[in-house]
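Residues per chain are reported as follows:
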Amino acid sequence: MADKIEGVKKLFTSKSARVETNRGDDYYEKLFQKCQARIEELKTQQPINNRLDIGDVLETQGIERRDFLKWASAVTGMLMLPASFTPLVADAALLMNRAPVIWLELSDCAGNSEALLRSDGPKIDEIVLDIISLEFHETLQAASGHQAEKQLEDAMETFKDKYLLFVEGAIPMGNNGTFGTIGASGETMHDHLVRVAKHAAAVVAVGSCATFGGVPAAAPNPTGAVGVMDVIKGKPLINIPACPANPANMVGVIIHYILTGQVPELDSLLRPKFAFGYRIHDNCERRAHFDAGEFVEEWGDEGAKNNFCLYKVGCKGPMTFNNCSIVRYNEGVNWPVGVGRGCIGCSEPDFWDKYAYERPMADANIKAPTGGVEKTVDEFGLGLLTAAGIGIGIHAAASMVAGKKEEAGE
């Protein structure tokens with residue numbers, strides 16, 4: 001037991017797990033000057049292919065400048081930067097069309113692309129992503145066959161060593177990679193990824209399939225699917241897991257890259273700390289019910305009607321790192337737990353096999369990587385009651401002693 005406690009303590013106190021929200025005035029002053037110099041340099045460059053002006057687009061969509069600045073302020077906070085960086089973040093958003101992006105679609109359901117397309121109305125996040133110079137996207141583009149392959153080759157040559165490569169979907173490795181082929185040439189997804197990543201400035205794996213293999217890699221994994229980081233080595237790589245990934249986190253990564261020319265600080269799983277530095281459990285609106293021992297016991301009961309904690313019906317919030325409980329989806333309106341469905345840990349490795357079921361981890365014979373809640377909540381609650389009972393007993397005994405002393409005139 002002592003070894004287990006030490007292991008959990010070591011994991012949470014390791015350097016990769018630390019989220020530093022205040023690095024001191026000297027650090028931020030140097031970073032501000034660096035970002036300012038990069039923004040000024042980008043302003044001297046011409047837009048690449050996408051010549052849309054974000055100011056014009058915002059005006060067309062009826063979004064005022066004040067709303068844009070509020071958004072920039074929120075993104076600044078999400079990136080864990082001081083408020084003084086807000087004008088630079090706004091400038092970076094205006095310069096999104098200086099960042100060439102190539103987007104590959106591999107073994108997945110295209111859910112991350114769908115998340116961008118199927119919004120109920122134009123949001124600033126989606127508008128900013130529209131402004132980027134998207135040079136190639138196999139799902140969205142009109143070109144196909146040899147024409148599409150030529151478009152990709154042209155983009156890779158024109159923006160050699162400068163483009164950001166976004167990858168959506170797992171990579172099938174079984175049967176020499178032939179479970180997944182692309183284009184008229186029949187190139188395997190593995191070879192396709194390796195070839196395009198070779199001259200990318202950085203690689204961004206988007207969604208659970210691209211980051212950790214996701215559903216395609218679930219047992220028995222017949223295609224031998226793996227994530228991007230299992231294939232691409234020696235290249236700046238950022239993982240943005242979740243099913244689907246939140247567009248806000250995609251925007252945050254791109255803006256950070258435009259601001260600094262570097263990838264953001266990452267955790268041990270190559271996830272940006274600004275988005276994946278906290279457990280869902282710690283920022284959940286139902287956390288108070290967990291602490292009070294108030295749980296949904298079965299779907300539709302009184303606990304469910306009163307928005308009690310969903311841990312007993314399978315919520316994996318205590319062992320899942322993501323910011324969806326803060327950023328949320330659909331213009332920040334809601335998220336899975338908010339609508340009464342527990343977290344399934346989709347931003348963690350092997351989530352489909354380990355977490356996607358309706359029972360707590362304590363009953364699953366699977367240990368969470370961070371230790372999680374390893375006792376049943378009933379045992380946990382009994383422990384709290386026992387501790388409370390001991391505390392009440394101590395308080396009562398102390399009060400009795402004090403009363404006797406008072407009666408004795410001491």
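The structure this text deals with has already been given above.
For clarity, every value in this text was computed on a predicted model and none was experimentally measured.

What counts and how
Residues numbered from 1 in each chain as written. Predicted model: local features only at pLDDT ≥ 70, side-chain atom pairs only at ≥ 80, totals over all residues. Heavy atoms only, no water. Helix = DSSP H or I, 4+ residues; strand = E, 2+ residues; numbered from the N terminus. Contact = heavy atoms within 4.5 Å. Areas by Shrake-Rupley, 256 points an atom, 1.4 Å probe, with all protein chains shown as cover. Pairing = 2+ DSSP bridges. Axes fitted to C-alpha atoms, helices over the stretch in contact; angles between N-to-C directions. Parallel < 35°, antiparallel > 145°, perpendicular 65-115°, else oblique. Nonpolar A, V, L, I, M, F, W, Y, C, P; charged D, E, K, R; others polar. Core = buried A, V, L, I, M, F, W, Y, C linked by side-chain atoms within 4.5 Å. Buried < 20%, exposed > 50% of the residue type's maximum accessible area, 1.4 Å probe, protein only. Salt bridge = Lys/Arg side-chain N within 4 Å of Asp/Glu carboxyl O. Phe/Tyr/Trp six-rings, centres within 6.5 Å; stacked < 30°, edge-to-face > 60°. Lys NZ or Arg CZ within 6 Å of the ring centre and 35° of its normal. Expected span 1.5 Å × (residues − 1). Arc of directions from axis to C-beta.

(A) Molecular detail of the overall build of the chain. Counting secondary structure elements, the chain contains 17 helices and nine strands. Across the chain, every contact between residues at least 6 apart in sequence was considered, and the portion connecting residues at least 24 apart equals 75%. Roughly 20500 Å² of accessible area belongs to the chain as shown, and the carbon and sulfur atoms make up 53% of that amount.

(B) Region of interest: the sheet that holds strand β9 (residues 237-240). Pairing is parallel across the open sheet formed by five strands, whose spatial order is β2-β1-β3-β7-β9. Each end of this open sheet is capped by a strand with a single partner; those strands are β2 (133-137) and β9. The mean inter-strand angle of the sheet, taken between neighbouring strand axes irrespective of direction, is 20°. Where strand β3 (residues 164-168) lies against strand β7 (residues 202-206), five bridges are found, and the strand directions are parallel. Of the residues in β7, the one forming a bridge with Val167 is Ala205. Against the sheet, helix α11 (residues 247-260) engages β1 (100-105), β3, β7 and β9, with an angle of about 160° to β9.

(C) Broad picture of the packing of helix α8 (residues 145-158) against helix α9 (residues 189-197). One way to put it is that α8 packs onto α9 with a least axis distance of 11 Å and a crossing angle of 30°. The orientation of α8 with respect to α9, classified from their angle, is roughly parallel. Contacts between α8 and α9 involve Leu152, Glu153 and Met156 on the former and, on the latter, His192, Arg195 and Val196. Of the residues that constitute the contact of α8 with α9, the class distribution is three nonpolar, one polar and two charged.

(D) Just the nonpolar core, in detail. Counting residues in hydrophobic clusters, the biggest one holds 51 residues, and the most contacted among them are Trp71, Phe166, Ile240, Ile255, Ile258 and Leu259. At nine residues, the largest contribution of residues to this core is made by α11. In contact with Phe166, other than residues within four places in its own chain, are Val101, Ile102, Trp103, Leu104, Val204, Val206 and Ile254. By size, the runner-up hydrophobic cluster in this structure holds 29 residues, among which are Leu152, Ala155, Leu193 and Ala210.

(E) Up close: the pattern of salt bridges. The full count for this structure, using the stated rule, is 14 salt bridges. Residue Arg287 pairs with Asp282 through a salt bridge whose shortest N-O separation is 3.2 Å. Arg287 is paired through a salt bridge with Asp291; the nearest N and O atoms lie 3.1 Å apart. Taken together, the residues span about one helical turn, with Arg287 and Asp291 both in helix α13 (residues 287-291) at a distance of four residues. We classify Arg287 as partly exposed; its relative accessible area is 25%.

(F) Seen up close, the packing of aromatic side chains. Under the counting rule described, the total for this entry stands at eight aromatic pairs. With centroids separated by 5.3 Å and ring planes inclined at 80°, the aromatic side chains of Phe32 and Phe85 adopt a geometry described as edge-to-face. Here the residue Phe32 occupies a position in helix α2 (residues 25-43), and Phe85 occupies one in the loop between α4 (65-78) and α5 (86-94), the gap between them amounting to 53 residues. With a centroid separation of 6.1 Å and an interplanar angle of 90°, the aromatic rings of Phe290 and Tyr311 are classed as edge-to-face. Taken together, the positions of Phe290 in helix α13 and Tyr311 in the loop between α14 (302-305) and α15 (324-327) put the pair 21 residues apart, joining distant regions of the chain. Neither residue differs from the other here; Phe290 and Tyr311 are each classed as buried. By way of ring pairs, the aromatic residues Tyr27, Tyr28, Phe32 and Phe85 are connected into one cluster. For the cation-ring pair, Arg38 lies above Tyr257, with the distance from its terminal atom to the ring centre recorded as 5.6 Å. When the ring centre of Tyr357 is taken as origin, the NZ or CZ atom of Lys316, which lies over that ring, is 4.1 Å away.

(G) Representation of the packing of α2 against α11 in the model. Closest axis-to-axis distance for the α2/α11 pair is 7 Å, and the angle between their directions is 90°. Taken together, the axes of α2 and α11 lie roughly perpendicular to each other. When α2 is examined against α11, the residues Leu31, Lys34, Cys35, Arg38, Ile39 and Leu42 are found in contact with a partner set consisting of Tyr257, Ile258, Leu259 and Thr260. Among the residues making up the contact of α2 with α11, the classes are represented as seven nonpolar, one polar and two charged.

(H) Fine view of unusual backbone geometry. A cis amide bond links Ala219 with the next residue in sequence, Pro220, at an omega value of 5°. Along the chain, Pro220 falls in the loop between α10 (208-212) and β8 (225-226). Look at the link from Cys243 to Pro244: it is a cis peptide, with omega at 5°. For Asn221, which is not a glycine, the phi torsion comes out positive at approximately 45°. Among the secondary structure elements, Asn221 is positioned in the loop between α10 and β8.

(I) Here's a closer look at the pairing of β1. The buried fraction of β1 amounts to six of the six residues, a majority that puts the element mostly inside the structure. By the alternation rule, side chains of β1 split into Pro100, Ile102 and Leu104 and Val101, Trp103 and Glu105, which are all buried. The sheet contact formed by β1 and β2 spans four bridges and is parallel. Its bridge partner lying in β2, Trp103 is registered against His137.

(J) Just α4, in detail. Helix length check: α4, at 14 residues, gives a terminal C-alpha distance of 20 Å against a target of 20 Å (1.5 Å per residue), a fit within 8%. When α4 is considered as a whole, its buried residues turn out to be Phe68, Trp71, Ala72, Val75, Thr76 and Met78. Seen from one end, α4 has its buried residues packed into an arc of 160°, which puts them on one side. Looking at α4, the residues exposed on the side facing more than 90 degrees away from the buried face are Arg66, Lys70 and Ala74. In the segment just after α4, Met80 is the residue with positive phi, at about 60°.

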